[in-house]
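What follows is the residue order along each chain.
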Amino acid sequence: MSADLPAAATLSRLDLKTLRLFAAICAEGTLNGAARRAAIAPSAVSKRLAELEHALGCTLLTREPRGMRLTPAGETLLHHTRRMLASAEQIALELAEHARGVRGFVRVLANLSAIVEFLPEDLQAFLAAQDGIRVDLEERPSGGVVAGVEEGFADLGLCADNTDTRGLTAYPYRSDRLVLVMPAGHPLSGRGAVALADSLDYDHVGLHAESSIYAALRDEARRLGRPLRLRMHVPSFDAICRMAQVGLGLGTVPERVYALLGPPMRLTAVPLTDPWAARTLRLVVRPGALPPAAALLLEHLRAAGR
């Protein structure tokens, strides 16, 4: 294929069946693995890949002793392939819902704090008032929320205020404060409040490495020139509380999360006095007009926050 072939002609070669097969090759790492997944002969997979590379005018995968390796062009195609396949699946799901009477969808990405602390009640009130609108909610770390909204995977995002929102429009949503959770007999449990510096002689249990709360703890410890004695990462607030309950380390959670989870576990909470521990969660959207259902949800959440 010549390099000056119009983009429209190139796009005509990127049918969903071929893209699914390309994604299967990348996932399996071998042509045989992709053939088993697609239930076709390995020779057919190899032929389809060769035709795709010829149509695009570039090599997408190179063969190595341990399997197939993506070239830079292949990495670009895989990135867009995943988005296209996800969009195609979402189109099918949403059209089926419209056929059953649904009048709008809103795709929302939110960090764990927003999902546990505030969204359940706010979404319940919104959906009760807006019959026929569906909300697709997915949890991501704050940085992933911004990236997902920026790339069009979601209409609306909720993230921590220490997140770079890049070119997105941001609105304040809700405020919270971080606290340390610990068993009642912990040496810090009798304090009215503590700075993170006061806790660095003790073990900590943290959220996953991409979470904004863990990033705040790590950055403050670095600023103080002291190590954060992180015993383990865990994926959720209830896991932090359970680990703190059995004495594996101090946990850092929003105060409202402690109110929901801590008392049944007989945990004590001590507020953090550090300025970064008082947070504002933010709503983020792409600039410009939102779809009608998303605009309704944005206004509802902004009003709830006010």
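Residues numbered from 1 in each chain as written. Predicted model: local features only at pLDDT ≥ 70, side-chain atom pairs only at ≥ 80, totals over all residues. Heavy atoms only, no water.

Per an unreviewed UniProt entry, the protein goes by the name Transcriptional regulator, LysR family and belongs to Methylobacterium radiotolerans.

A. The environment of D155, seen in detail. Assignment of secondary structure puts D155 in the loop between α8 (142-150) and β5 (156-159). The exposure class assigned to D155 is buried, which follows from its relative accessible area of 6%. Between the C-alpha atoms of D155 and A295, which are 140 residues apart in sequence, the distance is 9.0 Å. (Helix = DSSP H or I, 4+ residues; strand = E, 2+ residues; numbered from the N terminus. Buried < 20%, exposed > 50% of the residue type's maximum accessible area, 1.4 Å probe, protein only.)

B. Up close: the domain arrangement of the protein. The domain boundaries assigned to the protein delineate domain 1 (5-91), domain 2 (102-173 + 280-305) and domain 3 (176-278). Here domain 1 and domain 3 have C-alpha centroids that lie 45 Å from each other. (Domains from an automatic or database assignment.)

C. Quick look at the packing of aromatic side chains. Counted according to the given criterion, the structure contains one aromatic pair. One cation-aromatic arrangement involves R83 over F153; the distance from NZ or CZ to the ring centre is 5.5 Å. For R140, the ring lying beneath its charged end belongs to F153, and the centroid distance is 5.7 Å. (Phe/Tyr/Trp six-rings, centres within 6.5 Å; stacked < 30°, edge-to-face > 60°. Lys NZ or Arg CZ within 6 Å of the ring centre and 35° of its normal.)

D. Region of interest: the pairing of strand β6 (residues 169-183). The sheet contact formed by β6 and strand β11 (residues 278-285) spans eight bridges and is antiparallel. Pairing of Y171 across the sheet is with L283, part of β11. Pairing geometry for β6 and strand β9 (residues 250-254), over four bridges, is antiparallel. Looking across to β9, one finds that L180 is bridged to T252. (Pairing = 2+ DSSP bridges.)

E. Representation of the packing of helix α2 (residues 16-28) against helix α4 (residues 42-56). Running from amino to carboxyl end, α2 crosses α4 at an angle of 110°, the nearest separation of the two axes being 10 Å. Here α4 runs roughly perpendicular to α2, going by the angle between their axes. Classified by chirality, the crossing of α4 by α2 is left-handed. Of the residues in α4, those touching α2 at K17, T18, L21, F22 and I25 are V45, R48, L49 and L52. Of the residues belonging to the contact of α2 with α4, the class tally is six nonpolar, one polar and two charged. (Axes fitted to C-alpha atoms, helices over the stretch in contact; angles between N-to-C directions. Parallel < 35°, antiparallel > 145°, perpendicular 65-115°, else oblique. Left-handed = near helix turned anticlockwise from the far one by under 90°. Contact = heavy atoms within 4.5 Å. Nonpolar A, V, L, I, M, F, W, Y, C, P; charged D, E, K, R; others polar.)

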